[in-house]
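Residue strings, one per chain:
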Amino acid sequence: MDPVSTHTGIGVPLRVSNVDTDQIIPAVYLKRVTRTGFEDGLFSAWKNDPSFVLNNEPFSRGSVLVAGADFGTGSSREHAVWALMDYGFRVVISSRFADIFRGNSSKGGLVAAEVAQPDVELLWKLLENEPGTEVTVDLREKTVQAKDITVPFEIDDYARWRLLEGLDDIGLTLRHADAIDAFEATRPSRMPTTTG
Amino acid sequence: MSTTGRTLAEKVWDQHLVRKGEGQEPDLLYIDLHLVHEVTSPQAFDGLRLAGRPVRRTDLTIATEDHNVPTLDVLAPIADEVSRTQVDTLRRNCEEFGVELYPMNHAEQGIVHVVGPQLGLTQPGTTVVCGDSHTSTHGAFGAMAFGIGTSEVEHVLATQTLPLKAFKTMAINVNSSDGTLRPGVTSKDVVLAIIAQIGTGGGQGHVLEYRGNVIDNLSMEARMTICNMSIEAGARAGMIAPDETTFAYLKGRDRAPQGDQWDSAVTAWRELRTDDDASFDRTVDIDGDALTPFVTWGTNPGQGLPLAGNVPDPAAIADEGEAAATRKSLDYMGLTAGTPLREVGVDAVFVGSCTNGRIEDLRSVAEILDGRQVAKGVRMLVVPGSMRVRFQAEDEGLDKVFTGAGAEWRSAGCSMCLGMNPDQLAPGERCASTSNRNFEGRQGKGGRTHLVSPLVAAATAVRGTLSSPEDLD
């Protein structure tokens, strides 16, 4: 997982609350053998609607999703995070996230930035009036900035630390690589191997 | 955990501790052997690729194709698209990451839990993991072995370690007056009886250690059958202390220690016993003298009874919840309360799986089938657990006994245990199966499964109703 400290990209206003993970990616897209390629399932039920925000330039090139409250509820599928990231999103802004989604986000490297609802409204207005506006999310300062708007966001310290350090579960274990090396050095030579 | 004597499980845990967790952190344990198959590995390899990570120890990792593979026409491309994709993906991943793979038609291919032991890779005191719950099988060697999820598969591939929370210990003592089981009673009956006694959640959070004179006298293959189904009691793992039987099984196998190393290994392995002053969190006693052939009548492995019994009557069960669960199971199974289990007729018999697909299992089935015929209207599949088992059975002429009796002799794989390949029951079909799970739809949508020993499977095939060898002429 790459460390994230700041990210800048086109903001996408999604004026919908309670976006559950079945809407983010329906179950029919979960049969794959890969951990990538889920972008085609992202919001697939809404893609038939020409007015859906991601069907329009320049939003289709967006990487900062500004959504309504209670984002990521429902099924625990990690594929919801993978689908958002595969599409190109690096940050989701909402005034409230579902717990499991929030946990899955920090595992996958997606920033789930909690912004107060009035500030979300400000961002929505700006992004709708001036499509293509870039939004900068600063994880160190915990701020969201777009044009002359700068608002704070919340994220739990552990998730923030993992994102800043670029640590997934494996990354966390690899911080103890010395201990693993040391252990391996003491293994008896008689231990079985699968090769040679 | 005990501060004085330690149990077998605690000793193996301590020997693999890379780092003791601080506070709420789990311990970090080293993994000696990682077994990989096509179903639970693709996203794990893809995760490595995305993060630019290699497999840390390809020399401690081995892959085989088992869950999806057809057991007929094995030289043709796999017809089912999803199955073919998973198998092809495993082949590409193993090639890219340098993992040794035993593909279909390779002499070492087979069910992952049959392959590890027969190569001598599964050794006493090792830690063994696989993205498959029946990894508990390997505990028969005094290894600590458990199933893991796909994200953990990726974790082990990348780090050769796993963060694990502490466990509780449970002793399961199986003793009989002379250390033997009654004729016609096998280790499968022992484990089905254990699960019926402690329940499918009885082992939760525990590592089970099977002990007692009955266990001491079992062969390695019979011990594997018991440890295999530890997961059906909800346990994290099941173990049996290594002894002379274990050492004799391992000696000379391809991956077992050779020469001087063999002697030092055996010396170390002899230490792998629960200390006399160690204590278990829980103890369960099983009377080996009372055990008779056991069959399941319901839709979870805990719903079992002696074959001599009758289909249970929900009306006679005081507990409302249990009565309702029984009714639901009987409804799915198409059984009437009070029917003697021996009168339940079957459409199919499946011999195979990581539970009972080894050479001793096939020999015991052949012994019953020799000179007899599978009953009219009954389809019998005999599926060896590995290609080695298949070749050995053919060397011994067992295949001729099976086909001569009217059974089908197949290639190696998981097959009808879980019906991910074409070997499935039709809706409503009833099967006596030597496998490990009788869940609704496990062997095919609408299929009805009775878990049985190989001996009961063979006798049932001959009579067409649930039977044991003593029912045969």
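Residues numbered from 1 in each chain as written. Chains lettered and ligands numbered in written order. Predicted model: local features only at pLDDT ≥ 70, side-chain atom pairs only at ≥ 80, totals over all residues. Heavy atoms only, no water.

Asker: How would you summarise the overall build of chain B if you had to cite specific residues and measurements?
Answerer: Each helix and strand counted, chain B has 16 helices and 19 strands in total. For chain B, whose C-alpha radius of gyration is 22 Å, the value lies close to the compact-globule estimate of 23 Å for 473 residues. Principal-axis analysis of the C-alpha atoms gives chain B an extent of 55 × 55 × 45 Å. Across chain B, contacts joining residues at least 24 apart in sequence account for 75% of those joining residues at least 6 apart. Of the roughly 16800 Å² that chain B leaves accessible, carbon and sulfur atoms contribute 47%. Of the side-chain charges in chain B, 42 are positive and 63 negative, and the distance between the mean point of each set is 2 Å. (Helix = DSSP H or I, 4+ residues; strand = E, 2+ residues; numbered from the N terminus. Rg over C-alpha atoms; globule rule 2.2 N^0.38 Å. Contact = heavy atoms within 4.5 Å. Areas by Shrake-Rupley, 256 points an atom, 1.4 Å probe, with all protein chains shown as cover. Lys, Arg positive; Asp, Glu negative; His and termini not counted. Charge placed at Lys NZ, Arg CZ, Asp CG, Glu CD.)

Asker: Describe the packing of helix α2 (residues 42-51) of chain B against helix α3 (residues 81-97) of chain B, naming the residues involved and giving the relevant values.
Answerer: The axes of two packed helices give the description: the angle between them and the distance between them. Residues and elements named next belong to chain B. α3 packs onto α2 with a crossing angle of 35 degrees between their chain directions and a minimal axis gap of 10 Å. As for the relative orientation of α2 and α3, their crossing is left-handed in sense. On α3, the residues touching P42, F45, L48 and R49 of α2 are T89, L90, N93, E96 and F97. The residue makeup of the contact of α2 with α3, split by class, is five nonpolar, two polar and two charged. (Axes fitted to C-alpha atoms, helices over the stretch in contact; angles between N-to-C directions. Left-handed = near helix turned anticlockwise from the far one by under 90°. Nonpolar A, V, L, I, M, F, W, Y, C, P; charged D, E, K, R; others polar.)

Asker: Which residues make up the interface of chain A and chain B, and what values do they have?
Answerer: Contacts between the two partners involve 28 residues from chain A, matched on the other side by 46 residues from chain B. Both sides together, the interface formed by chain A and chain B hides about 3200 Å², and carbon and sulfur atoms give 56% of it. Connecting chain A to chain B are six salt bridges. The salt bridge partner of R187 of chain A is D32 of chain B, with a shortest N-O separation of 2.7 Å. Counting every contact that joins chain A to chain B gives 17 residue pairs in polar contact (both at pLDDT 80 or more). (Buried area = accessible area lost by both parts, 1.4 Å probe. Salt bridge = Lys/Arg side-chain N within 4 Å of Asp/Glu carboxyl O. Polar contact = N/O pair within 3.5 Å; in protein donor to acceptor, adjacent residues only side chain to side chain.)

Asker: Account for unusual backbone geometry, with residues named and values stated.
Answerer: A cis amide bond, omega -5 degrees, links E57 of chain A with the succeeding residue P58 of chain A. Relative to the helices and strands, P58 of chain A resides in the loop between α1 (21-24) and β2 (64-67). Within the chain, F43 of chain A stands out as a residue other than glycine whose phi angle is a positive 50 degrees. Relative to the helices and strands, F43 of chain A resides in the loop between α1 and β2. Even without being glycine, Q160 of chain B reaches a positive phi, approximately 60 degrees. Summarising the element assignment, Q160 of chain B is placed in the loop between α5 (150-159) and β8 (161-164). For Q160 of chain B, a relative accessible area of 0% gives the class buried. (Buried < 20%, exposed > 50% of the residue type's maximum accessible area, 1.4 Å probe, protein only.)

Asker: Tell me what's going on with the sheet that holds strand β10 (residues 206-211) of chain B, and back it up with residues and numbers.
Answerer: All names here are of chain B. Taking strand neighbours across the sheet as the criterion, the four strands line up as β11-β10-β9-β12 in an open arrangement whose pairing is parallel. Where the open sheet ends on each side, the last strands, each with one partner, are β11 (237-239) and β12 (282-287). Across the sheet, the mean angle separating the axes of adjacent strands is 20 degrees when strand polarity is ignored. One ladder, built from six bridges, connects strand β9 (residues 168-175) with β12; its direction is parallel. Pairing of I172 across the sheet is with V284, part of β12. The strands that helix α6 (residues 187-198) touches are β9, β10 and β12; relative to β12, the one it contacts most, it runs at about 130 degrees. (Pairing = 2+ DSSP bridges.)

Asker: How would you explain the side chain of N104 of chain A if you had to name every residue and give the values?
Answerer: Residue and element names in this part refer to chain A. Along the chain, the position of N104 falls in helix α3 (residues 99-108). A relative accessible area of 10% places N104 in the buried class. The residues touching N104, leaving out its near neighbours within four places in the chain, are S76, R77, E78 and V81.

Asker: Account for the sheet that holds strand β1 (residues 17-19) of chain B, naming residues and giving values.
Answerer: All names here are of chain B. Overall, antiparallel pairing links the three strands, which are arranged β1-β2-β8 in an open sheet. Pairing within the sheet leaves two strands with one partner each, and these edge strands are β1 and β8. The mean inter-strand angle of the sheet, taken between neighbouring strand axes irrespective of direction, is 40 degrees. Strand direction decides the pairing type here: β1 and strand β2 (residues 27-30), joined by two bridges, are antiparallel. Within β2, the residue paired with L17 across the bridge is L29. Sitting on the sheet, helix α1 (residues 8-15) is in contact with β1, β2 and β8, with an inclination near 45 degrees to β1.

Asker: Mind laying out helix α10 (residues 259-269) of chain B, listing which residues take part and the relevant values?
Answerer: All names here are of chain B. All of the buried residues in α10 are W262, A265, V266 and W269. Down the axis of α10, the buried side of the element spans an arc of 95 degrees, and every buried residue falls inside it. Across α10 from its buried face, at more than 90 degrees, point the exposed residues D260 and T267. (Arc of directions from axis to C-beta.)

Asker: I'd love a proper account of the pairing of strand β7 (residues 149-152) of chain A, names of residues and values included.
Answerer: Residue and element names in this part refer to chain A. Judged by which residues are buried, β7 turns out to be one-sided: I149 and V151 face inward and are buried, whereas T150 and P152, on the alternate face, are not. Pairing of strand β6 (residues 143-146) with β7, which is carried by four bridges, proceeds in the antiparallel orientation. Paired with A146 across the strands is I149, a residue of β7. The hairpin formed by β6 and β7 contains two residues between the paired strands, and K147 there has a positive phi angle of roughly 50 degrees.

Asker: Describe the packing of aromatic side chains, naming the residues involved and giving the relevant values.
Answerer: Residue and element names in this part refer to chain A. Scanning all chains against the criterion turns up 16 aromatic pairs over all chains. Here F43 and W46 contribute two aromatic rings whose centre-to-centre distance is 5.2 Å and whose plane-to-plane angle is 10 degrees, an arrangement assigned as stacked. Residue F43 is classed as buried on the basis of its relative accessible area, which comes to 1%. On the basis of an interplanar angle of 75 degrees and a centroid distance of 5.2 Å, the ring pair of F71 and F101 is categorised as edge-to-face. (Phe/Tyr/Trp six-rings, centres within 6.5 Å; stacked < 30°, edge-to-face > 60°.)

Asker: Can you tell me about the packing of helix α13 (residues 359-369) of chain B against helix α14 (residues 387-395) of chain B, naming the residues and giving the values?
Answerer: Residue and element names in this part refer to chain B. The geometry of α13 relative to α14 is characterised by a closest axis approach of 10 Å and an angle of 35 degrees between their N-to-C directions. Taken as a pair, α13 and α14 cross one another with a handedness that is right-handed. Between α13 and α14, the contacting residues are I359, L362 and R363 on the first element and V389, Q392 and A393 on the second. Looking at side-chain class alone, the contact of α13 with α14 contains four nonpolar, one polar and one charged residues.

Asker: Explain the pattern of salt bridges to me, using residue names and the numbers behind them.
Answerer: Counted under the stated rule, the structure contains 39 salt bridges over all chains. Between R53 of chain B and D168 of chain A there is a salt bridge, and its shortest N-O distance comes to 3.1 Å. Of this pair, R53 of chain B sits in the loop between α2 and β4 (61-64) while D168 of chain A sits in the loop between α5 (157-165) and α6 (169-174), placing the two residues on different chains. Take R53 of chain B and D168 of chain A: they sit in the same class, and that class is buried. Among the ionic pairs, R211 of chain B bridges to E209 of chain B, the shortest N-O distance being 3.1 Å. One network of salt bridges, in which partners are shared, links D181 and E184 of chain A together with R56, R57 and D59 of chain B.

Asker: Break down the confidence of the model for chain B for me, citing the residues and quoting the values.
Answerer: Detailed reading of predicted coordinates is not advised where the pLDDT is low. Per-residue pLDDT for chain B averages 95, and the proportion of residues at 70 or more is 99%. Model confidence for the complex is summarised by a pTM of 0.89, with the ipTM given as 0.93. (pLDDT = per-residue confidence, 0-100.)

Asker: Provide a residue-level description of the nonpolar core, including the pertinent values.
Answerer: All names here are of chain B. In terms of nonpolar packing, the biggest core is built from 75 residues, with F45, I172 and Y210 touching the most fellow members. Sorting elements by how many residues they give to this core places α6 first, with seven residues. Here Y210 is in contact with I172, I194, I215, I226, C227, S230, G238, M239 and I240, once residues within four sequence places are set aside. (Core = buried A, V, L, I, M, F, W, Y, C linked by side-chain atoms within 4.5 Å.)

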